[in-house]
Amino acid sequence: MPNWIRVCAADEIEAEDLIRFDHDGRTFAVYRSPDDNYFCTDGLCTHEQVHLADDLVMDYVIECPKHNGQFDYRTGEAMRAPVCVNLGTYPVKLEGGEVFINIQGAEQV
Amino acid sequence: MNAPATLRDYSLTGPASGPGFAHAEWYATPIPRTRMKELMKRSDRAGLRDFGLWAGLTVASGALLIWVWGTVWAWPVALIYGVLYASGAESRWHEYGHGTPMRTRWMNDAIYQLASFMSLKNPVLWRWSHARHHTDTVIVGRDPEIAFPRPPSLLAWVLNLLHVVATSKEIWKALRLSLGLLTADQKDFLPESERPKAFRAARAHVGILVSAGIAAMLISSWLPLVLIGGPTFYGSWLHHVMATTQHAGLAEDVPDHRLNSRTVLLNPVFRFIYSNMNYHVEHHMYPMVPFYYLPALHEDIREDCPRAYPSLLAAYREIVPAVIRQQTDFNHYVRRPLPAGAGPTPAYQRPLIAAE
Ligand code: FES
């Protein structure tokens, strides 16, 4: 049975931006794309475990603030060195104007 | 009083290597997220304006050099062409390596490849070495890009006005890499999956240089080598003079870029050649900010930083005595006073940090 966890109100995340979400000792990044879809990935860069929450979102790409590695946050795919390992991604749903993630439903490309 | 002077081992596999600052908290002046988003914004237009001007001037001066070749005018024209080609490429290699000037990724990558060849740097090896430089800036045994290990070699600095040491090393690296050979230090920061790419790039660079050499022999003229490859030796001096100010003589092993990097105010021509890397504290503190917004970032954080140097001369007035003293006093470094009210430097955390 999916374990949906409330993250925030949908409008708390600006379009083409992300927020950090900590839960149960883990950290996640929750994104709102330019076309108002929501996504969730692990919150730490796979290169040197830097928080992605201070990053720049460009279209569907998240860029790490430390060495400018890039991921596609829809799939978690590592797109630009020095990141080589993909990010884990998690299902997201919108209900009653609120964002929920299912952290048991990790997806990997 | 200083502790007795001892030589440090700067190699990445020596006694000072080991855990770095990968998970450490480096000091960063707090900036509201909305402002940061403005400063991080990428613009193809701004990137293309800079690249177009640089590439246009380089090609035009190269064409002029071909035109005046064999006359006395070739000397001054070569000087201009060389600086645009090599000093301009050194800074663009760096900027496009960060991938920040353009919003469109393939444009960043294409210019990175071009500038890497023009500065004779292996694009794969240097991307990884530079990532480490940003993780462990001037951390002994971790940072592969410490240009002034103590005692700094003054002879190497002078020779590098013609990039004798720096570019010869890069050519040697390219030859070794083209044969699939890596040093222990290179193995330390270059993941295995990236090594074939580094070897391929080295072969391409060596191939282009050899072709230029063959062309020179075929037409019995130095011109092909003065146009391709040669400028990296004779035209990098301006970048060398400016880049010396980045970290020379400053603190080692401190997680605060305000104390191990310099911001130097320069004229617009030098800033164009150098892609605003004179704002070096700002660049290290926020590597996400493209070069064209570094002056704005400087204004935002200057109250929290040591005073910027008003000119190259002012920076050299500090660097020269410091590196001379470091010839015998290996513990000496320039201490940068933080202004009253500035955020405190994080405590030295290195021994507590887990390895990458
Ligand atoms: S920590 Fe993210 S790219 Fe290096």
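Residues numbered from 1 in each chain as written. Chains lettered and ligands numbered in written order. Predicted model: local features only at pLDDT ≥ 70, side-chain atom pairs only at ≥ 80, totals over all residues. Heavy atoms only, no water.

Moving on to the sheet that holds strand E4 (residues 38–42) of chain A. Residue and element names in this part refer to chain A. Spatial ordering of the open sheet is given by E2-E3-E4-E9, a layout of four strands whose pairing is antiparallel. Of all strands in the sheet, those bounded by a partner on one side alone are strand E2 (17–23) and strand E9 (89–90). When E4 meets E9, the two strands line up antiparallel, connected through two bridges. Bridge pairing in E9 places Cys40 opposite Tyr90. (Pairing = 2+ DSSP bridges. Helix = DSSP H or I, 4+ residues; strand = E, 2+ residues; numbered from the N terminus.)

A few words on the confidence of the model for chain B. Residue and element names in this part refer to chain B. Confidence along chain B averages 93 in pLDDT terms, with 95% of residues attaining 70 or more. Here residues 352–356 is modelled with pLDDT under 50, and outside its nearest four sequence neighbours on either side it reaches 13 contacts, counting other chains as well. Both confidence scores are given for the complex: pTM 0.92, ipTM 0.88. (pLDDT = per-residue confidence, 0-100. Contact = heavy atoms within 4.5 Å.)

On to the pattern of salt bridges. Across all of its chains, the model carries 27 salt bridges over all chains by this definition. Between A:Arg20 and A:Asp22 there is a salt bridge, with its nearest N and O atoms 3.1 Å apart. Relative accessible area serves as the criterion here: at 42%, A:Arg20 is assigned to the partly exposed category. A:Arg32 is the salt-bridge partner of A:Asp36, the closest N and O atoms lying 2.9 Å from each other. We classify A:Asp36 as partly exposed; its relative accessible area is 41%. Connected through salt bridges with shared partners, the residues A:Glu14, A:Asp17, B:Arg33 and B:Lys37 form a single ionic network. (Salt bridge = Lys/Arg side-chain N within 4 Å of Asp/Glu carboxyl O. Buried < 20%, exposed > 50% of the residue type's maximum accessible area, 1.4 Å probe, protein only.)

Moving on, we come to the sheet that holds strand E1 (residues 4–9) of chain A. Residues and elements named next belong to chain A. Read from one edge of the open sheet, three strands run E1-E11-E10, paired in antiparallel fashion. In this open sheet, the two strands that pair with only one neighbour each are E1 and strand E10 (92–95). Across the sheet, the mean angle separating the axes of adjacent strands is 30 degrees when strand polarity is ignored. Relative to strand E11 (residues 98–102), E1 is paired through five bridges, and the arrangement is antiparallel. The partner of Cys8 across the bridge, within E11, is Val99. (Axes fitted to C-alpha atoms, helices over the stretch in contact; angles between N-to-C directions.)

What follows is about the interface of chain A and chain B. Counting from both sides, the interface comprises 25 residues of chain A and, opposite them, 26 residues of chain B. A buried area of about 2,100 Å², summed over both sides, lies between chain A and chain B, and 47% of it is on carbon and sulfur atoms. Its largest share of buried area at the contact with chain B, chain A owes to A:Glu48, A:Lys66 and A:Arg80, together 26% of the area lost on that side. A:Asp17 is paired through a salt bridge with B:Arg33; the nearest N and O atoms lie 2.5 Å apart. The interface formed by chain A and chain B includes 14 residue pairs in polar contact (both at pLDDT 80 or more). Among the secondary structure elements, those contributing two or more residues to the side of chain A that touches chain B are E2, strand E5 (56–58) and strand E8 (77–80) of chain A. By residue class, the composition of the side of chain A that touches chain B is ten nonpolar, five polar and ten charged. (Buried area = accessible area lost by both parts, 1.4 Å probe. Polar contact = N/O pair within 3.5 Å; in protein donor to acceptor, adjacent residues only side chain to side chain. Nonpolar A, V, L, I, M, F, W, Y, C, P; charged D, E, K, R; others polar.)

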